[in-house]
Amino acid sequence: MTDQLRKVAVLVNALDSESAKVLLGQMSTDQARKVRETLKKMGKIDPQEQLAVLQNFSEEQKTATQKKATTSKGFSVEEEFQQSDFSALQKTLSSDYLPTNPL
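First, a word on scope: everything that follows refers to the structure included in this document.

How each quantity is defined
Residues numbered from 1 in each chain as written. Predicted model: local features only at pLDDT ≥ 70, side-chain atom pairs only at ≥ 80, totals over all residues. Heavy atoms only, no water. Helix = DSSP H or I, 4+ residues; strand = E, 2+ residues; numbered from the N terminus. Buried < 20%, exposed > 50% of the residue type's maximum accessible area, 1.4 Å probe, protein only. Contact = heavy atoms within 4.5 Å. Areas by Shrake-Rupley, 256 points an atom, 1.4 Å probe, with all protein chains shown as cover. Salt bridge = Lys/Arg side-chain N within 4 Å of Asp/Glu carboxyl O. Core = buried A, V, L, I, M, F, W, Y, C linked by side-chain atoms within 4.5 Å.

Another aspect to go through is the overall build of the protein chain. Counting secondary structure elements, the protein chain contains six helices and zero strands. Secondary structure elements in the protein chain, listed N-terminal to C-terminal, are α-α-α-α-α-α. Put simply, the protein chain has 103 residues, and 28% of those count as buried. Pairs at least 24 apart in sequence give 76% of the contacts found in the protein chain among residues at least 6 apart. Summed over its atoms, the accessible surface of the protein chain is roughly 7,200 Å², and 51% of this surface lies on carbon and sulfur atoms.

Given below as structure tokens:
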């Protein structure tokens, strides 16, 4: 299992079921299968690892959104990830909430 695959699996695990399905649906069939297999093999995910992955994802999304906004006037999926989504993510990160595996 690659480090990147593990991070994706941790991210998918942290999402609610509907969001996880949407994210997995945007992947190729092979990629989604690999993520699901990785999740099954991982067992319990360390809360600190999950927090680190979510924080890293949040920062990457902010950077990607900023870059996209400065390079294109077109509407994109990245621009839909608004501040409210980051606020909800931060609320989850700051609580004792640890989601269960949606798969």
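Considering all chains together, one arrives at five salt bridges under this definition. In this structure, the salt-bridge partner of arginine 33 is aspartate 30, at a minimum N-O distance of 2.3 Å. Of the two residues, arginine 33 and aspartate 30 both sit in helix α3 (residues 29-42), three residues apart, roughly one turn of that helix. Among the ionic pairs, glutamate 37 bridges to arginine 33, the shortest N-O distance being 3.0 Å. Here glutamate 37 pairs with arginine 33, and both are found in helix α3, just four residues apart, close to one helical turn. Assessed through its relative accessible area of 35%, glutamate 37 is described here as partly exposed. Through salt bridges with shared partners, a single network forms among Asp30, Arg33, Lys34 and Glu37.

Turning to the nonpolar core, a few remarks are in order. Counting 16 residues, the largest nonpolar core has Val12, Leu24 and Val35 as its most contacted members. Put simply, the parts of the chain that give this core at least two residues each are α1 (3-14), α2 (17-25), α3 and α4 (47-71). Here the element with the most residues in this core is α1; it accounts for six residues.

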